[in-house]
Amino acid sequence: MKAIRQYEFGPAENLRYEDVPDPEPAEGQVRVAVEAAGVHHIDTKIRQGISYGPPPMLPMTPGREIAGRVEALGSGVDSSWLGRRVVAQLGLASGGYAEKAVITATSLHEIPEQISASAAVASIGTGRTALVALDLAAVTDQDVVLVTAAASGMGNLLFRRLAGISARPRSAWPAARRKWLGCANSVRISLWTTARPAGPTGSGTRSAIGRSPSCWTGSAETLSTLRRDYWAAVAGS
Amino acid sequence: VSFGSASEEPSTLDESTLQARGIGQSWVVGPKAAPMGDLRVLETRALAATTNGDWDPLLNPPYELAEAAAAHTAVENRGTVGKVVLIP
């Protein structure tokens, strides 16, 4: 099969596309023919060897979440899993950036046919963290909520879920929604000040603002009108 | 609730200002994040939210598996919108 292999920590170019043997499912594991593999921002940190936890052993195949169809079973796995569409978080074992991946059967979630592999991947890891944020924010229909970085993998889930909760002032929301969804990756807002772009250390952010200056202005205006009222903020930076 | 730092610069909120305003702060990713609880339960809820239409994940145009390096570069440069996936 084809897989991404990494032999050293460092830049993105260290991710090599190579031929490797198919992984064999061990006892209690299944092998999944991967239809979509999720990429996280933290994957880029792990690649550089600077993530929070201990760095992984090299060489490795990165990727901690996959969706696809079960194509082989290890011993002791219920045969009904064979052929089912599934999504799973691989955890520290990784191996998701590949045509095939092995995972413990108890980690599998079956995906309904109407859900795409990509949407399932977006739900499993990013989605579960988004739910923690939503639970912590405990937003009610009396709150005005700011979602910064609303164009991100997590931000858009927060935004879309929160948009389903009636919030005030309602009349301010329709236009604000579009602006925030369209350009919020270029905007950073603190809880206690007016909106401002990320500092000069954020070179990536500077370029994003450069691409969409009108978005930035619009969002800042919108925020200044809402600032007195808002109660909760869910903020990326 | 702080959920990320794609700008490479975590949000910095002044403790005394937060206290004066009665604002609590929490994190869901990074070194300050609290334990997430039962991951299996959260995953099931998150998938149900997608199935039920409570949210509809925004997806960046997918990258081919062979383009993993390009996908990483785009994520690092904030050049993506929505979830980034590789398609073998």
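Relevant structure appears above.
Per chain, residue numbering runs from 1 following the sequence as it is written. For naming, the first written chain is A and the first written ligand is 1, with later ones following in the order written. Per-residue local features are limited, in this predicted model, to residues with pLDDT of at least 70; the limit for side-chain atom pairs, both in listing and counting, is 80 or more; totals at the level of whole chains, interfaces and linings are taken over all residues. Only heavy atoms go into the side-chain values, all of them from the structure, while hydrogens and water stay out.

Engineer: Any chance you could explain the side chain of Glu18 of chain A here in plain terms?
Structural biologist: All names here are of chain A. Tracing the sequence through the fold places Glu18 in strand 2 (residues 16-19). Of the polar contacts made by the side chain of Glu18, one reaches the side chain of Tyr7; its length is 2.6 Å. Setting aside residues no more than four positions away along its own chain, Glu18 makes contact with Met1, Lys2, Ala3, Arg5 and Tyr7. A helix here means a DSSP run of H or I that spans at least four residues, while a strand means a run of E at least two residues long, and both kinds are numbered starting from the N terminus. Counting of polar contacts relies on pairs of N or O atoms within 3.5 Å, with two restrictions inside protein: one atom must be capable of donating a hydrogen and the other of accepting it, and residues adjacent in sequence are counted only when both atoms are side-chain atoms. Contact definition: two residues touch when any of their heavy atoms are within 4.5 Å.

Engineer: Before we go on, may I ask you to explain the packing of helix 1 (residues 41-48) of chain A against helix 3 (residues 68-76) of chain B in this structure?
Structural biologist: Pairs of packed helices are described in terms of their axes, by the angle between the two and the distance that separates them. Packing of helix 1 of chain A against helix 3 of chain B brings their axes to within 9 Å, and their N-to-C directions diverge by 110°. By the angle between their axes, helix 1 of chain A is roughly perpendicular relative to helix 3 of chain B. At the point where helix 1 of chain A passes helix 3 of chain B, the crossing takes the left-handed sense. Contacts between helix 1 of chain A and helix 3 of chain B pair His41, Asp43, Thr44, Arg47 and Gln48 of chain A from the former with His72, Val75 and Glu76 of chain B from the latter. Amino acids outside the nonpolar list (Ala, Val, Leu, Ile, Met, Phe, Trp, Tyr, Cys, Pro) and the charged list (Asp, Glu, Lys, Arg) are all regarded as polar, and Gly is one of them. Of the residues contributing to the contact of helix 1 of chain A with helix 3 of chain B, the split by class is one nonpolar, four polar and three charged. In this description, a line fitted to the C-alpha atoms serves as the axis of each element, helices being fitted only across the stretch in contact, and the angle between N-to-C directions of two axes falls anywhere from 0 to 180 degrees. Angle categories are assigned with fixed cut-offs, so that under 35 degrees is roughly parallel, over 145 is roughly antiparallel, 65 to 115 is roughly perpendicular, and the rest are oblique. Whether a crossing is left-handed or right-handed is set by the direction in which the near helix is turned from the far one by less than a right angle, anticlockwise for left-handed and clockwise for right-handed.

Engineer: Would you explain empty space enclosed by the protein in this entry?
Structural biologist: It is the rolling of a water-molecule-sized probe over the atoms that shows where space remains empty. All names here are of chain A. Throughout, the protein atoms alone are placed on a 1 Å grid, and a set of points is a cavity if a 1.4 Å probe fits but cannot get out or a pocket if it is open with protein on both sides within 12 Å along at least five of seven lines; lining residues have an atom within 4 Å of a point. Grid points are joined across faces, edges and corners, and a volume is the space filled by probe spheres set on the points. Tallying each qualifying case throughout the model produces four cavities of 30 Å³ or more. Reported here for the second largest cavity is a volume of approximately 60 Å³. Taken together, Gln6, Asp43, Ile46, Arg47, Met60, Pro62, Gly63, Arg64 and Ser94 form the lining of the second largest cavity. For the lining of the second largest cavity, the class distribution of residues is three nonpolar, three polar and three charged.

Engineer: What is the right way to read the nonpolar core from this model?
Structural biologist: Taken as a class, soluble globular proteins show a tendency for nonpolar side chains to be buried jointly. Val30, Tyr97 and Leu108 of chain A together with Leu86 of chain B are the most contacted members of the largest nonpolar core, which totals 29 residues. Among the elements of the structure, strand 3 (29-39), strand 4 (65-73), strand 5 (85-89) and strand 6 (100-104) of chain A together with helix 3 and strand 2 (84-87) of chain B are those that each provide at least two residues to this core. Setting aside anything within four residues of it in sequence, one finds Leu86 of chain B in contact with Glu35, Ala36, Ala37, Val39 and Tyr97 of chain A together with Tyr63, Glu64, Leu65, Ala68 and Ala71 of chain B. Counting 16 residues, the second largest nonpolar core, distinct from the first, contains Val132 of chain A together with Val28, Ala49 and Trp55 of chain B. The term nonpolar core refers to a set of buried residues drawn from Ala, Val, Leu, Ile, Met, Phe, Trp, Tyr and Cys, joined through side-chain atoms within 4.5 Å. Burial classes: relative accessible area under 20% of the type maximum marks a residue as buried, over 50% as exposed, and values in between as partly exposed (1.4 Å probe, protein chains only).

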